[in-house]
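Fold and contact review
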Amino acid sequence: MPSVETMDDLVRAIAEFEVEDLDLQAEPAALAAARRSLAESGLLLVGEIHGVRENPLVIRALTRLLEVDAIALEWSEELAGFLRRGLPVDHPLWWFGDGRVTAGHFAVLHADDPLTVTLFDGAVRAGDDWSARDSAMAHRVLGLAARTLVVAGNAHTSLDPTDDGVPMGAVIADARPGVRAVRIQYGTGRFYNGGPREVNDEVGPAGLRLDGEELVLTLPEFHEATVPHLPFERLQQTYGRLGRVAFG
């Protein structure tokens, strides 16, 4: 069930998701670097591929490993009130199917360890480019309380400018030079971003490590997440006229 189109199916997928402990081994030097980022900047960035079943389990494992109880997600600020009420009802932004929102996220967020959750994406204005959106996200993140795990698509967490422009991570690094970013390195598996996709790469063993100066968290095998996704025409029929929406 890679994607679901009804609330009943989504609720069922949330209930069926097994919130399990991910066996996340960490090299001492990598663990020290991650903790130093939190101590010096108050933040640790985590770059993911959206739509992977294990992503929320990685978040949970890192919060436990690093003793962090606050996370920030690349979800629209408009969804914060709905998230507090527990289920993704009556809002089109839950249903765009880009893989940021998954059944596993809801299961993990309502598991045994309560987390403080902040949503830092927002609508973009007409004429804004990719860098402008990332700059806006960065400034929302910079306003957060200390010791927060910040999770976004890996295009946004680079600490240096990229071919896309100036990512959120680079803006944050300018303001807080001590910040570090963890890049999740995926091996072989499938993910859901607008539809089923796959990756088939050879990577090292599972765990958090330093690759030169870069923090890397390796997942040799991974699986497709269950993602709420309605076709755009259905979204229009269900929710009426849609405004300009940012995608990850």
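Quick caveat: nothing in here was measured; it's all calculated off a predicted structure. Numbers given to residues run from 1 along each chain, matching the order in which its sequence is written. Note on the predicted model: pLDDT of at least 70 is required for a residue's local features to be given, and 80 or more for side-chain atom pairs to be given and counted; whole-chain, interface and lining totals, by contrast, use all residues. The basis for every side-chain value is the complete set of heavy atoms in the structure, and neither hydrogens nor water enter the calculation.

A look at the overall build of the protein
Let me state the cut-off plainly: Every helix listed is a DSSP run of H or I at least four residues long, and every strand listed is a run of E at least two residues long, numbered separately from the N terminus. The classification of residues rests on relative accessible area computed with a 1.4 Å probe and restricted to protein chains. Under 20% of the type maximum is buried, over 50% is exposed, and intermediate values are partly exposed. Residue-level accessible areas treat just the shown protein chains as cover; the underlying method is Shrake-Rupley with a 1.4 Å probe. Residues counted as positive are Lys and Arg, residues counted as negative are Asp and Glu, and His and the chain ends are not counted. By convention, charge coordinates are those of NZ in Lys, CZ in Arg, CG in Asp, or CD in Glu.
What the protein contains, in helices and strands, is eight helices and ten strands. Projected onto its principal axes, the C-alpha coordinates of the protein cover approximately 50 × 40 × 35 Å. Within the protein, buried positions represent 51% of all 248 residues. In the structure as shown, the protein presents an accessible area of about 11,500 Å², 47% of it carried by carbon and sulfur atoms. The average position of the 22 basic charges and that of the 38 acidic charges among the side chains of the protein differ by 5 Å.

Remarks on the pairing of strand β2 (residues 43–48)
Short version of the rule: Strands were regarded as paired on the criterion that DSSP finds at least two bridges between them.
For β2, the tally of buried residues reaches six of six residues, placing the bulk of the element in the interior. Side-chain alternation along β2 places Leu43, Leu45 and Gly47 on one buried face and Leu44, Val46 and Glu48 on a second face that is also buried. Two strands pair when backbone bridges link them, and β2 and strand β5 (residues 148–153) are joined in this way by six bridges, in the parallel orientation. Within the sheet, the bridge partner assigned to Leu45 lies in β5 and is Val150. One ladder, built from four bridges, connects β2 with strand β6 (residues 180–192); its direction is parallel. Bridging across to β6, Leu45 finds its partner in Ala181.

Things to note about helix α3 (residues 55–66)
Applicable threshold: To estimate the expected span of a helix, subtract one from its residue number and multiply by 1.5 Å.
The terminal C-alpha atoms of α3, which comprises twelve residues, lie 16 Å apart, in line with the 16 Å expected from a rise of 1.5 Å per residue. Of all the twelve residues making up α3, ten are buried; the element is thus mostly covered by neighbouring parts of the structure. Within α3 the residues assigned to the buried category are Asn55, Pro56, Leu57, Val58, Ile59, Arg60, Ala61, Leu62, Thr63 and Leu66. Glu67, located one to two residues past α3, shows a positive phi value of around 55°.

Considerations on the confidence of the model for the protein
Note the cut-off: Every residue gets a pLDDT, meaning the predictor's confidence in that residue, from 0 to 100. We call two residues in contact whenever any of their non-hydrogen atoms come within 4.5 Å of each other.
Looking at the protein, pLDDT values average 89 and 92% of them are 70 or higher. Note that residues 242–248 has pLDDT below 50 and, in this model, 27 contacts with residues that lie over four places away or in other chains.

Focus: helix α7 (residues 168–175)
Since there are 3.6 residues in each turn of an α-helix, residues three or four apart along the chain are aligned in direction. Along α7, six of the eight residues are buried, which leaves the element largely enclosed by surrounding structure. Buried within α7 we find Met168, Gly169, Ala170, Val171, Ile172 and Ala173. In this structure, the buried residues of α7 make contact with β2, β4 (116–121), α6 (130–142) and β5.

Some details on the nonpolar core
The condition that has to hold: In plain words, nonpolar cores are sets of buried Ala, Val, Leu, Ile, Met, Phe, Trp, Tyr and Cys residues tied together by side-chain atoms within 4.5 Å.
Leu66, Trp94 and Leu149 are the most contacted members of the largest nonpolar core, which has 52 residues in total. Per-element tally for this core: the top contributor is α3, with six residues. Core analysis: the second largest hydrophobic core is formed by 17 residues, Phe120, Ala138, Val171 and Ile172 among them.

What about the pattern of salt bridges?
Convention followed: A pair is scored as a salt bridge if a Lys or Arg side-chain nitrogen falls within 4 Å of a carboxyl oxygen belonging to Asp or Glu.
This model, assessed by the stated rule, comprises 13 salt bridges. Residues Arg100 and Asp98 are paired through a salt bridge, measuring 2.9 Å at the closest nitrogen-oxygen approach. Note that Arg133 and Asp121 form a salt bridge whose closest N and O atoms lie 2.8 Å from each other. Taken together, the residues span a long stretch of sequence, with Arg133 in helix α6 and Asp121 in strand β4 at a distance of twelve residues. Residue Arg133 is classed as buried on the basis of its relative accessible area, which comes to 7%.

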